[in-house]
Amino acid sequence: VLYDYGPHHGHPEGISISDASVIHMTHPRDSEAAMLFAEHAQWAKREAMKSLGLAARDAYEAAEAANRANSAAMKALQRPSGSFPVYAEKKLPLEPFQAEVVEEP
C-alpha cells in the first residue's frame, strides 16, 4: 500500500515504488501498526515454539543419556568383585615390638 505517492517535502518529484516499503514502515497508520505488531507477535510465537521444541528434545536426550549412565553404573556395581593376588605378609625384624607403659607420678 502506498499513500501520499505525489510530491511532498523531501521528494518534490514524488516517491518511487522502491521507496514504498520504507515510507510505509516509517509512517504506518494505527491499523497498519496493529497489523505489523500482530505479525511480529505471530513470528515471535513461532520462534518461541521452535525453541521450546528444541529444548524439550535436548532435555529428553539428556534424560535418556542419564538413564543409560545410571544403568551402566548399576551393572558395574552388581558384578562380582575381581580377585586380586594376596601375598603373605613377612614380619619385620624384632617384631612384635616391645612396648611398656610407664605410669607418671
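The model shown is predicted, which means the values in this text are computed figures rather than measured ones. One numbering rule holds for all chains: residues counted from 1, following each sequence as written. Given that this is a predicted model, residues contribute local features only at a pLDDT of at least 70 and side-chain atom pairs are listed and counted only at 80 or more, while totals for whole chains, interfaces and linings are drawn from all residues. Side-chain descriptors were evaluated using all non-hydrogen atoms of the structure, hydrogens and water having been removed beforehand.

**Quick word on the pattern of salt bridges**
The rule for a salt bridge is simple: a side-chain nitrogen of Lys or Arg has to be within 4 Å of a carboxyl oxygen of Asp or Glu. Within this structure, the stated rule accounts for one salt bridge. Here Lys50 ties to Glu47 by a salt bridge, and the two come within 3.1 Å at their closest N and O atoms. Here the residue Lys50 and the residue Glu47 both occupy positions in helix H2 (residues 30-78), the gap between them amounting to three residues, near one helical turn. Secondary structure follows DSSP: runs of H or I at least 4 residues long count as helices, runs of E at least 2 residues long count as strands, and numbering of each begins at the N terminus.

**A word on a nonpolar patch on the surface**
Residues Leu92, Leu94 and Phe97 make up a contiguous nonpolar surface patch of roughly 400 Å² in combined accessible area. Within the secondary structure layout, Leu92 lies in the segment after H2. For Leu92, a relative accessible area of 53% gives the class exposed. Residues enter a patch when their relative accessible area is above 30% and they make no salt bridge; the linking distance is 9 Å between like charges and 5 Å between nonpolar side chains (Val, Leu, Ile, Met, Phe, Trp, Tyr). Each accessible area value is a Shrake-Rupley result obtained with a 1.4 Å probe; residue values ignore everything except the protein chains displayed when judging cover. Buried means the residue's accessible area, taken with a 1.4 Å probe over protein chains only, is under 20% of the maximum for its type, while exposed means over 50%, and partly exposed covers the values in between.

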